[in-house]
Amino acid sequence: MNKIIPFILPVLYCLWGCGSQKVVATKYYVIEIPMDSVLERFNDTTPSDDKYCEISQVDVNPAYSSVQIANRNNSRAITYYSHHHWAIRPATSFTRLTLDYFKHTPLFRNVSDRFWRVRPDYILETTVYHLEVLQDDHSFSAHLNLEFQLKETESNKDIIKHRADRYMELENNDLNLFATAIGEIFYEELAYLSDKIMTELYESP
């Protein structure tokens, strides 16, 4: 019996130590855009009465497509935060935001992620190339690199393209600030895209 005790005690100490460690809770972040600002932008705009647009599922680079939030501290190396995740996968989140944005604008008679009985006049395709916290020494920035392509369904040709590679400096490595910055950038680029649509589809002679 005495020979067994020296082997049991280290095991018990180990189990006690593991059980006493503090469990770190995972935090989840959402991307949002200011819908009140969307309504204000188009308050005096006459809505289109005959154009339909389909919003395709946003295509996100596989390195950024999971719920894990990416951090890049040089041109090649990406790491992921262990206890900080997106609440919704970026592709789903960006698709919903795009759909909501254009539902609240007067640019098209109707928008949807899928039409059943109506052939849409246009299809909006979006690609996200980078979605990450960019770390440089002790500074942090939100990095969003994306491209919009509005295609005419009849000809399958791009009629409007808009690409943006944006950085927004953060006060510190706070992922609440990061999520907010990504939402602001995405909204600003949607606004720029909608201005181009308004100009090229409805105001050009």
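Residues numbered from 1 in each chain as written. Predicted model: local features only at pLDDT ≥ 70, side-chain atom pairs only at ≥ 80, totals over all residues. Heavy atoms only, no water.

Remarks on the overall build of the chain
For step 1, the next point in the chain: Each helix and strand counted, the chain has 4 helices and 9 strands in total.
For step 2, the next point in the chain: In the chain, the order of α-helices and β-strands from amino to carboxyl end is α-β-α-β-β-β-β-α-β-β-β-β-α.
For step 3, the next point in the chain: Evaluated residue by residue, the chain yields a buried proportion of 39% over its 205 residues.
For step 4, the next point in the chain: Here the analysis covers contacts within the chain between residues at least 6 apart in sequence; of these, 72% occur between residues at least 24 apart.
For step 5, the next point in the chain: With an accessible surface of roughly 12,600 Å², the chain has 49% of that area assigned to carbon and sulfur atoms. (Helix = DSSP H or I, 4+ residues; strand = E, 2+ residues; numbered from the N terminus. Buried < 20%, exposed > 50% of the residue type's maximum accessible area, 1.4 Å probe, protein only. Contact = heavy atoms within 4.5 Å. Areas by Shrake-Rupley, 256 points an atom, 1.4 Å probe, with all protein chains shown as cover.)

Quick word on the pairing of strand S8 (residues 139–152)
For step 1, the next point in the chain: Counting buried positions over the 14 residues of S8 gives 12, a clear majority of the element.
For step 2, the next point in the chain: Bridge count for strand S7 (residues 122–136) against S8 is 14 bridges, and the pairing is antiparallel. Residue pairing in the sheet places histidine 130 in a bridge with asparagine 145 of S8.
For step 3, the next point in the chain: Taken together, S7 and the strand that follows it, S8, pair antiparallel across an intervening segment of 2 residues, in which aspartate 137 is found at a positive phi of about 55 degrees.
For step 4, the next point in the chain: Sheet topology note: the S8/strand S9 (residues 157–170) ladder contains 13 bridges and is antiparallel. Across the sheet, residue leucine 146 finds its bridge partner in S9, namely alanine 164. (Pairing = 2+ DSSP bridges.)

Quick look at the packing of aromatic side chains
For step 1, the next point in the chain: All chains considered together, the criterion is met by 8 aromatic pairs.
For step 2, the next point in the chain: Consider the rings of phenylalanine 94 and phenylalanine 186, whose centres lie 4.7 Å apart with planes at 45 degrees: the pair is tilted. A residue pair is termed long-range when its members are at least 10 positions apart, and phenylalanine 94 in helix H3 (residues 90–103) and phenylalanine 186 in helix H4 (residues 175–203) qualify at 92 residues. Grouping residues by exposure puts phenylalanine 94 and phenylalanine 186 together as buried.
For step 3, the next point in the chain: Ring centres of phenylalanine 148 and phenylalanine 186 lie 6.1 Å apart, and the angle between their planes is 45 degrees; on these two criteria the pair is classed as tilted. With phenylalanine 148 in strand S8 and phenylalanine 186 in helix H4, this pair connects stretches of sequence that are 38 residues apart. A single burial state applies to phenylalanine 148 and to phenylalanine 186, both of which are buried.
For step 4, the next point in the chain: Site record: aromatic cluster; members linked through ring pairs are Tyr101, Phe102, Phe108, Tyr122 and Tyr187. (Phe/Tyr/Trp six-rings, centres within 6.5 Å; stacked < 30°, edge-to-face > 60°.)

Structural notes on the side chain of serine 194
For step 1, the next point in the chain: Looking at the element boundaries, serine 194 is found in helix H4.
For step 2, the next point in the chain: In this structure the side chain of serine 194 is engaged in a polar contact, spanning 2.8 Å, whose partner is the backbone oxygen of alanine 191. (Polar contact = N/O pair within 3.5 Å; in protein donor to acceptor, adjacent residues only side chain to side chain.)

Things to note about the pairing of strand S2 (residues 52–55)
For step 1, the next point in the chain: By the alternation rule, side chains of S2 split into Tyr52 and Glu54 and Cys53 and Ile55, which are all buried.
For step 2, the next point in the chain: Judged from the 3 bridges that link them, S2 and strand S6 (residues 110–112) form a sheet pairing that is parallel. The residue bridging tyrosine 52 from the neighbouring strand is asparagine 110, located in S6.

Quick word on the environment of tyrosine 81
For step 1, the next point in the chain: Looking at the secondary structure, you find tyrosine 81 in strand S5 (residues 78–86).
For step 2, the next point in the chain: Here the alpha-carbon distance between tyrosine 81 and isoleucine 69, two residues 12 residues apart in the chain, equals 5.9 Å.
For step 3, the next point in the chain: When neighbours within four sequence positions are excluded, tyrosine 81 is seen to be in contact with Ile69, Ala70, Asn71, Val133, Asn173 and Leu175.
For step 4, the next point in the chain: A distance of 2.9 Å separates the side chain of tyrosine 81 from the side chain of asparagine 71, its partner in a polar contact.
For step 5, the next point in the chain: A distance of 3.0 Å separates polar atoms of two side chains, one belonging to tyrosine 81 and the other to asparagine 173.

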